[in-house]
Structure formats: structure tokens, C-alpha cells
Amino acid sequence: MRKQTPLIAFTAFMLSAGIAHAQFLFWPQYRFWPGHYAPFKHKHHHRQTNSESAKNARPEDPPKGPLQIIISIADQRVSLFDNGALIARSSVSTGTQGHPTPLGVFSVISKQRWHRSNIYSAAPMPYMQRITWSGIALHAGVVPGHPASHGCIRLKNDFAIRLWHLTKRGTRVIIAHDDVQPVEITNPHLFQPKAVSGSPEFQAATVAGKSTLVSKAETPEATSLQVPSSAPAGGAPKKMVPISVFVSRKLSKLFVRQGFSPLFDAAVKIENPEEPLGTHVYTAMEFQSEGAVIRWTVVSIPDEFPRTEGAKKEREAPVKQTALSVPSPDKANAVLNRIEIPQDTVERISELLTPASSLIISDNGFSHETGKDTDFIVVTH
């Protein structure tokens, strides 16, 4: 019997290692809904590798339009929107009271499939999508049903894999206390393409060498577009780089970035500048009317929640998720009506406008983390 002991020990070791490996690869699945992206089902091969699992997790269909990732701290939930429509939702675990997750407007600034924390004892952060250079990221991790991280947004494993394959650098991430969602908005003050399709000006804006076109390697989230009346028959869609426009009530200025690089800024006038505007993210969805106009949505982030002991206890308690209600664009429309932008600046922005471009309006200035290789980072709390 004693001669069999090493074999038994070796068998037990291999069994425990196999169980640990399976737990890493086959975490509980999430539910995409509606069924535009069917959940990935793992193939149970004994020798399946992490890279094979990631490869199999790729969705069959690419996004139809701009992606928006919205995280609700109160609901401990992430919602994924494609072209303004909800396509997926899953539970998350955000930061504790001592290490809160910042609220505000962010974007994916880097991605790494297998990453270890530079701050917390090399803790594993698989399918990491960084949104600040100071250490805040979305990544796969333990999701216990309440805030438990050091500030990052932990995702369920299968959701993290699918999300990682869907996003690109530049994908918008909005973190709010309450659950919010995009809503359609029309307003004469929203930017529109300067020239109608077919005109010499519109065609000229799509030729190589203009600032709206860069190589794929330079693009945080280049959009493949078939520009009306400008692309040769059978030619590949051109890559157009979205711009980001940020209007700050605090600074009374407008700033423009493209491809994570600053372009220009300009002074703006704000009616009743002592009155708050709030924080609103307007996103250009797609060209309509053969390129003559562009469709917009807006996400309005609620005002900062009160910092009371009751609020602190509420954030630490197990979450009770609520259903999304359809918001009204009235406040976002009123904000646009209060801002006066110089006409030459409007025309310059309109020349650069593409789907996935955005306009952020906030009472705050942009975060000190806004810099090289970032979009505008606006922290509201």
C-alpha cells in the first residue's frame, strides 16, 4: 500500500490542478439580450488553452454602430449599447467605500488580454480594458453581488471575454451612480455634416491626406464608412476617425480631440453661466439622408448623489437592480440652447464630423489624466 502513495498523491495533485484550470476557463456565463450576440458555449476539451477559449469567444457579428458601455454603481450592473440600442447586460463589482470607482466620462485607452496589476501585488486582471492611466480598468474577476474591488470594474468572465473582443480603443465608458441610457435627440445646435453628399466639399473631405483620415495603426476607433458618392465602385470603405468635443462651463471653453490627439480649442459663451449644466454625452450615430445629416443620442448623467451616512450604507449593501426607464432629452436640449459657439468653430467641427464622434458638456473641467493617448476624461465624483 505504501508503494501506491506517490501515485495517489500525484493523481490528487493533477485533479486539483485540473479543477482550478476549469474554474478559470469556465466561469458562469452571462446573458446577452436581445439575442443579437448569442452567448458563447465552451467546448469541453481536456487540452483547451486560454488562447483557444478566447478565440472561440469572438462574436459572429461586428457592432452595427458606436458602442457605449454604461456602468451603474447603485445597481452594480453594466449595460452595453450598440448604435443606441441595448444589446447586453451583466452584473459587476465596483470599488468599495475605501477605494471608490470614479464617476464620470471615460473611454477605453488600452487593452491587454492577460494583465497583472501594477499596484496590488500583481493580482490577475484578465481581459483588461484600461480607462485611466492611474489604475482604473474593466476586467474579469470575482463578482460577489456587491462592491468589492479597489476601484476597478470587475466583470463576469464570459462577459469580459465577449466585451474585450467587441471594443476598440476609444469605446466610450460612462460610470454613473444611477442606471442611465442613451436617448434620441434632435436639436439645431447639434453639429451636422457641413456639406451634403455628392457635393465637391463632401467628396473632398474623404480623400487621403485630410485630417479626417488616418491609417488604422493611428486610429483609436476608426469607423469603416461608405461615404455616399465618394468611394469608387468596389472599393473598400474608408477609415474615418471620430472626433471628441468637450465644452466646460468651468472654463468657458470648447476643446476638440481626434485620434486621442488635441486639435484646437475656442472660447464659448454660456447663458446664465452661474447656473449648472450637468454632464451630458452626445454621440453621433450614423449618417442619414445620404450624408446630409447625422443621428444623435445623449446620455445625461444625474447630479451627484448626496454624501450622507445613509448613502454610504446603501452603496455597501447588496444591490437591488431596477429596470431602465426611458429618459427625457428635455434637459439635454435646454443645455444645448444655452451654449453659443463661434460660427467658424462650428464649421470647422462639422467638416470633421463622423459617426462615433461625441460632444461632452459638463460643469467640470477635464481631468488631469486627460493627456497623451487618452480621450477627454471627465470625473464628476
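Residues numbered from 1 in each chain as written. Predicted model: local features only at pLDDT ≥ 70, side-chain atom pairs only at ≥ 80, totals over all residues. Heavy atoms only, no water.

Student: Describe in detail helix H3 (residues 157–166), supporting the description with residues and values.
Tutor: By the criterion of burial, H3 is predominantly enclosed, with 10 of the 10 residues buried. By the burial criterion, the buried members of H3 are Asn-157, Asp-158, Phe-159, Ala-160, Ile-161, Arg-162, Leu-163, Trp-164, His-165 and Leu-166. (Buried < 20%, exposed > 50% of the residue type's maximum accessible area, 1.4 Å probe, protein only. Helix = DSSP H or I, 4+ residues; strand = E, 2+ residues; numbered from the N terminus.)

Student: Residues and numbers for the nonpolar core, please.
Tutor: With 29 residues, the main nonpolar core has Leu-254, Tyr-282, Trp-296, Leu-359 and Ile-361 as its most contacted residues. Mapped onto this core, the elements with two or more residues apiece are strand S11 (183–185), strand S14 (243–248), strand S15 (253–258), strand S18 (279–288), strand S19 (293–301), helix H6 (330–337), helix H7 (343–352) and strand S21 (358–362). Excluding anything up to four places from it in sequence, Tyr-282 contacts Ile-185, Leu-190, Trp-296, Thr-297, Val-298, Ala-332, Val-335, Leu-336, Ser-357, Ser-358, Leu-359 and Ile-361. Judged by nonpolar contacts, the second largest core, of 28 residues, contains Ile-69, Ile-73, Val-92 and Leu-155. (Core = buried A, V, L, I, M, F, W, Y, C linked by side-chain atoms within 4.5 Å. Contact = heavy atoms within 4.5 Å.)

Student: Please set out the environment of Arg-172 residue by residue, giving values where relevant.
Tutor: Secondary-structure assignment places Arg-172 in strand S10 (residues 172–176). At 3.3 Å, the side chain of Arg-172 forms a polar contact with the side chain of Asp-375. (Polar contact = N/O pair within 3.5 Å; in protein donor to acceptor, adjacent residues only side chain to side chain.)

Student: Hey, could you go over the confidence of the model for the protein chain for me, with residue numbers and the actual values?
Tutor: Confidence in the prediction for the protein chain averages 76 pLDDT; 64% of positions are at 70 or higher. pLDDT under 50 marks residues 196–219. Its contacts with residues more than four places away, or in other chains, come to 43 contacts. Segment residues 306–315: pLDDT under 50, and six contacts once partners within four positions in sequence are set aside and those in other chains are kept. (pLDDT = per-residue confidence, 0-100.)

Student: Pulling in residues and values, what's your account of the sheet that holds S18?
Tutor: The seven strands are arranged S11-S19-S18-S21-S14-S15-S16 in an open sheet whose pairing can be described as mixed. Because the sheet does not close on itself, it has two edges, and the strands there are S11 and strand S16 (261–267). Taken over all neighbouring pairs, the strand axes of this sheet differ in orientation by 25 degrees on average, direction set aside. Pairing of S14 with S15, which is carried by six bridges, proceeds in the antiparallel orientation. (Pairing = 2+ DSSP bridges. Axes fitted to C-alpha atoms, helices over the stretch in contact; angles between N-to-C directions.)

Student: Hey, could you go over the environment of Glu-340 for me, with residue numbers and the actual values?
Tutor: Position of Glu-340 relative to the elements: it lies in strand S20 (residues 339–340). Sequence separation of Glu-340 and Ala-267 is 73 residues, and the distance between their C-alpha atoms is 9.4 Å. For Glu-340, the contacting residues outside a window of four places in its chain are Val-268 and Lys-269.

Student: Let's hear about the environment of Ile-339: which residues, and what values?
Tutor: With respect to the helices and strands, the residue Ile-339 is situated in strand S20. Placed 66 residues apart in sequence, Ile-339 and Pro-273 show a C-alpha to C-alpha distance of 9.5 Å. The residues touching Ile-339, leaving out its near neighbours within four places in the chain, are Val-247, Lys-269, Ile-270, Leu-277 and Ile-361.

Student: I'd like a rundown of the side chain of Thr-345, residues and numbers included.
Tutor: Mapping Thr-345 onto the fold places it in helix H7. On the accessibility criterion, Thr-345 (7% relative accessible area) is buried. Setting aside anything within four residues of it in sequence, one finds Thr-345 in contact with Leu-254, Phe-264 and Ala-266.

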